[in-house]
Amino acid sequence: MKIEVEFGKIKVDGKEFHDPIILPSGKTIEREYEKIKEKYGTSHVIDEEEIEILIKEKPEIIVIGTGFDGMAKLTEAAKKKISEKGIKLIEEKTPDAIETFSSLKNKKAGIFHSTC
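Parameters and conventions
- Residues numbered from 1 in each chain as written.
- Predicted model: local features only at pLDDT ≥ 70, side-chain atom pairs only at ≥ 80, totals over all residues.
- Heavy atoms only, no water.
- Helix = DSSP H or I, 4+ residues; strand = E, 2+ residues; numbered from the N terminus.
- Polar contact = N/O pair within 3.5 Å; in protein donor to acceptor, adjacent residues only side chain to side chain.
- Contact = heavy atoms within 4.5 Å.
- Pairing = 2+ DSSP bridges.
- Axes fitted to C-alpha atoms, helices over the stretch in contact; angles between N-to-C directions.
- Phe/Tyr/Trp six-rings, centres within 6.5 Å; stacked < 30°, edge-to-face > 60°.
- Buried < 20%, exposed > 50% of the residue type's maximum accessible area, 1.4 Å probe, protein only.
- Lys NZ or Arg CZ within 6 Å of the ring centre and 35° of its normal.

> Can you help me understand the side chain of D47 in this one?
Relative to the helices and strands, D47 is located in the loop between β6 (45-46) and α2 (48-55). In this structure the side chain of D47 is engaged in a polar contact, spanning 3.0 Å, whose partner is the side chain of K39. At 3.2 Å, the side chain of D47 forms a polar contact with the backbone nitrogen of E49. Among residues more than four places away in sequence, those in contact with D47 are I36, K39, Y40, T75 and A78.

> How should I be thinking about the sheet that holds strand β3 (residues 15-17) in this particular structure?
In a beta sheet, neighbouring strands are held together by backbone hydrogen bonds and run either parallel or antiparallel to one another. Spatially, β1-β2-β3 is the arrangement adopted by the three strands of the open sheet, whose pairing is antiparallel. The sheet terminates laterally at β1 (3-6) and β3, the two strands that pair on one side only. This sheet shows a mean twist of 20° between the axes of neighbouring strands, independent of strand direction. Packed onto the sheet, helix α4 (residues 94-103) meets β1 and β2 (9-12) and runs at close to 175° relative to β1.

> I'm lost on the packing of aromatic side chains in this one. Help?
For any two aromatic rings, the description comes down to two numbers: the centre-to-centre distance and the angle of the planes. Tallied over the entire structure, the rule returns two aromatic pairs. Ring centres of F101 and F112 lie 5.4 Å apart, and the angle between their planes is 80°; this geometry places the pair in the edge-to-face category. Taken together, the residues span a long stretch of sequence, with F101 in helix α4 and F112 in strand β10 (residues 108-112) at a distance of eleven residues. Residue class for F101 comes out buried when judged on its relative accessible area of 2%. For K108, the ring lying beneath its charged end belongs to F101, and the centroid distance is 4.7 Å.

> When you look at the pairing of β1 in this model, what are you seeing that I'm missing?
In the case of a regular strand, side chains alternate between the two sheet surfaces. Judged from the four bridges that link them, β1 and β2 form a sheet pairing that is antiparallel. Residue pairing in the sheet places V5 in a bridge with I10 of β2.

> Would you explain the side chain of T28 in this entry?
Looking at where T28 falls in the secondary structure, it is placed in strand β5 (residues 28-30). Look at T28 and you get buried, because its relative accessible area is 16%. If we ignore the near neighbours within four places in the chain, the residues touching T28 are V12, F17, P20, I21 and I22.

> Sorry, what's going on with the sheet that holds strand β9 (residues 88-92) here?
An order of β5-β4-β10-β7-β9 is seen for the five strands of this open sheet, with the pairing classed as mixed. The open sheet has two edge strands, β5 and β9, and neither has a second partner. Direction aside, neighbouring strands of the sheet carry axes that sit 15° apart on average. As defined by bridge partners, strand β7 (residues 61-65) adjoins β10 across five bridges and the pair is classed as parallel. Note on β10: the bridge partner recorded for I62 is A109. Set on the sheet, α2 makes contact with β4 (20-22), β5, β7 and β10; between it and β10 the angle comes to about 150°.

Any functional reading would require information that these geometric values do not contain.
Okay, here's the thing in structure tokens:
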């Protein structure tokens, strides 16, 4: 899987996404950006509902790209859900998170915020 990142967009195997969710199966989907923004007033929140999408495929590791400035944050409920399942969590600024994600050989999943 080839992942390229620049502010505002992330390409996964040549397909462009704003904030991709990459599942352990290798399938990539777009975050429901507008739904999150409506729910929280910002897209800088990653909640347990989004984490549930990742957990369904039983990853060993979840990588969260928190944006270029680290503004996106997991809710406490999302962190608890990951912990309860015994899944390792890595949170990094998105360029670093993409590099980490790409280097991992484990069964992995990720959510990557492409802006601040």
